[in-house]
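# Per-entry structural report
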Amino acid sequence: MNKKLSRILFGVGIAVYVIATVLYVIHDFHVKLAQKKREIDDRLKYAVAAAVQIIGEDFHDKIKDEKSISRKEYIDNVEKLSRYCRDADVKYIYTMFMKGGKVYITSTSISDEERKAGEYGNFFDEYTDSTQELKNSFVTMVPFFEEASDKWGNFRSYIMPKTSVNGQVYIVGADIEIKNIDKIFRNSLFMSIVTAFFFIAIVIPIVYIYVVMNKKYMEDMIKNVYRDRLTGLGNRNKLLEDIKDLKTPNIILLNINSFKELNDFYGHQIGDEIIIALAKRLENTVLRYKFEVYRMFADEYAIMFDAEPTFEELGFLGRYFIEVVGDEPFNYFENDIPEVLKGESIE
C-alpha cells in the first residue's frame, strides 16, 4: 500500500470515526431524552397515585358544593399534599370535581412561596383554565398527559379520572414545570456534547502523531528524491528541477578515474569515502561562485551554473576543477590515491 493511499484511508477513517461519534452521541441523547421523559412521567403517575391515598378514596363522596368540608380539613389536605410535593419533586398535586359543566378545585398543594404569602386558596374554587381534554376526561375516564398553561405557570401534567367509593367522578392531577423539564433536557444535551468532545479529543493525539510522522516521511521522501543519500548533494532529479530556473545553463561533468578498479582494489568502504571526500572538496571549491554541485551517478558529479562562457572558458573551468579538486591525492593508510578526476563540459 503506497503512502498516498494510506493517508487517504487514514483521513477517511478519522472522518468515519468523527461522524460515527456524532451519530452515536445524537442517538445517545435521544435515548437519554426518552428515558428522562419516562422518569418525569413516572414521577407524575406516582404523585397522582399518592394523592388518592393522602386525601382518601372516599373523600369525594361527601362533595356537593363549597360548604361540603370545613376550612380546617381543606388546609390539612393542602399541607399534606404540599409535603408530598416537596418529597416527590413535583410542583402541584390536586383533585378536581365537575358540576354544571364547570370544574372546581377540591384539594391542592401549594408552593413554599404561596405558603409564605398565605395564599392557600379556597375549597371549591372554580378552575377557569381547564382544557377541553381535561373536561372530556370526566366522561371518557381516560388518563392522559398534557402540556398546558394557566395562571400558575407552564406545566406538563398527568390527569387521572377516578371514581369514588360511592361512584362520584373526579380527577387527580400532578404538575411539573416546563422550565424544570427544559433544564433537565439541557443538562442531558450538555452531557452528550461533553461525551462527543471526549471521544473526539482522545483521537486528537493519534491524529497529531500521524501528522508529525507523515510530515517527517514526506520530508524524508522529498530528500531522497532530490538528494544523494551518500554525499548529501543534489542528485540528477534535483539538477533537472534546478535547470528549469536557469536562462543559460552550463554543466561540467566530472568522473572518478578507474572507479571500478579503485573499488575492487581498496574495497567499497574506501570507494564511498573517496566519493564523500570529493563531494566536500567540490562544494568548498564552488562556494565562492554561484555554482551548484550534484552527484549524478556512482562516480559522476555535475557542476551547473548560469552564464554564457565561450567554449574555451568552459574548458578552462573544467580543467580548473580537476586540478584544484582532483590533483590532491587521497590518503589511505599513509598511501596516496592520486589523480582521481577527469571531466568534460556541456553547454
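Here, the structure is the one placed above.
A brief structural summary. Note that residues are indexed from 1 along each chain, following the sequence as it is written. This being a predicted model, a pLDDT of at least 70 is required before a residue's local features are given, and a value of 80 or more before pairs of side-chain atoms are given or counted; all residues contribute to the totals for chains, interfaces and linings. Neither water nor hydrogens contribute to the side-chain values; these are computed over all heavy atoms in the structure.

### Comments concerning the overall build of the protein
Counting its secondary structure elements, the protein contains 10 helices and 12 strands. Only protein chains enter the accessibility calculation, which uses a 1.4 Å probe; a residue whose area is less than 20% of its type maximum is buried, one above 50% is exposed, and one in between is partly exposed. Each of the 347 residues in the protein was classed as buried or not, and the buried ones make up 38%. In this description, contact between two residues means that some pair of their heavy atoms is separated by no more than 4.5 Å. Contacts spanning at least 24 positions in sequence make up 64% of the contacts within the protein whose residues lie at least 6 apart. Reported accessibility uses the Shrake-Rupley method at a 1.4 Å probe radius. Residues are deemed covered only where the shown protein chains occlude them. Within the structure as shown, the protein displays about 20,700 Å² of accessible surface, and the carbon and sulfur contribution to it stands at 56%. Secondary structure elements are taken from DSSP: a helix is a run of H or I of four residues or more, a strand is a run of E of two residues or more, and numbering for both begins at the N terminus.

### Some remarks on the pattern of salt bridges
In what follows, salt bridge is the name for a side-chain nitrogen of Lys or Arg lying within 4 Å of a carboxyl oxygen of Asp or Glu. Under the criterion given, the structure shown has 13 salt bridges. With its nearest N and O atoms 2.8 Å apart, the salt bridge here joins Asp41 to Arg156. Residue Asp41 is located in helix H1 (residues 3-55), and its partner Arg156 is located in strand E5 (residues 153-163); the two are separated by 115 residues in the primary sequence. Here Asp41 falls in the buried class, since its relative accessible area comes to 13%.

### Some details on a nonpolar patch on the surface
A surface patch of nonpolar side chains, amounting to about 360 Å² of accessible area, comprises Ile19, Val22, Leu23 and Ile26. Positionally, Leu23 belongs in helix H1. Using a relative accessible area of 54% as the deciding quantity, one classes Leu23 as exposed. Residues form patches when they are more than 30% accessible in relative terms and have no salt bridge. Like charges link within 9 Å. Nonpolar side chains (Val, Leu, Ile, Met, Phe, Trp, Tyr) link within 5 Å.

### Overview of the pairing of strand E1 (residues 92-99)
The buried count for E1 comes to six of eight residues, which makes it a mostly enclosed element. In short, DSSP must find at least two bridges between two strands for them to pair. Relative to strand E6 (residues 169-177), E1 runs antiparallel, the two sharing five bridges. Each residue of the ladder has a partner; that of Ile93, found in E6, is Ala174. Pairing of E1 with strand E2 (residues 102-108) involves six bridges; the strand directions are antiparallel. In the sheet register, Tyr94 faces E2, and the bridge partner there is Thr108.

### Brief notes about the packing of aromatic side chains
Stacked, tilted and edge-to-face pairs are distinguished by plane angle, under 30 degrees for stacked and over 60 for edge-to-face with tilted covering the rest, among Phe, Tyr and Trp rings (Trp via its six-membered ring) whose centres lie within 6.5 Å. The tally for this structure, following the rule as stated, stands at eight aromatic pairs. The interplanar angle of 10° and the centroid separation of 4.4 Å between the aromatic rings of Tyr104 and Phe124 together place this pair among those described as stacked. Of this pair, Tyr104 sits in strand E2 while Phe124 is found in the loop between helix H3 (112-116) and strand E3 (125-126), placing the two residues 20 residues apart along the sequence. For the pair Tyr104 and Phe124, one class covers both residues: buried.

### Structural notes on the nonpolar core
Core analysis: the largest hydrophobic core is formed by 33 residues, its most contacted members being Leu44, Ile63, Val90 and Ile93. Residue contributions to this core peak at nine residues, all from H1. If sequence neighbours within four positions are ignored, Leu44 has contacts with Val90, Phe145, Arg156, Ser157, Tyr158, Ala174, Asp175 and Ile176. We call a set of buried residues a nonpolar core when its members are Ala, Val, Leu, Ile, Met, Phe, Trp, Tyr or Cys and they connect through side-chain atoms within 4.5 Å of each other.

### Observations regarding the environment of Met160
Structurally, Met160 can be placed in strand E5. Separated by 112 residues in the primary sequence, Met160 and Val48 have C-alpha atoms spaced 7.3 Å apart. Setting aside anything within four residues of it in sequence, one finds Met160 in contact with Val48, Pro143, Tyr170, Ile171 and Val172.

### As for the layout of surface pockets
Cavity means a closed set of points on a 1 Å grid over the protein atoms alone, one where a 1.4 Å probe fits but cannot get out, pocket means an open set with protein on both sides within 12 Å along at least 5 of 7 lines, and lining means a residue has an atom within 4 Å of a point. Grid points are joined across faces, edges and corners, and a volume is the space filled by probe spheres set on the points. Considering only enclosed or pocket space, the largest pocket measures out at about 450 Å³ in volume. Around the largest pocket, the lining is made up of 30 residues, and of these Ile105, Thr108, Tyr127, Asp150 and Trp152 lie nearest the centre. For the lining of the largest pocket, the elements supplying multiple residues, two or more each, are E1, E2, E3, strand E4 (144-150) and E5. Element by element, the count of residues in the lining of the largest pocket is highest for E4, at four residues.

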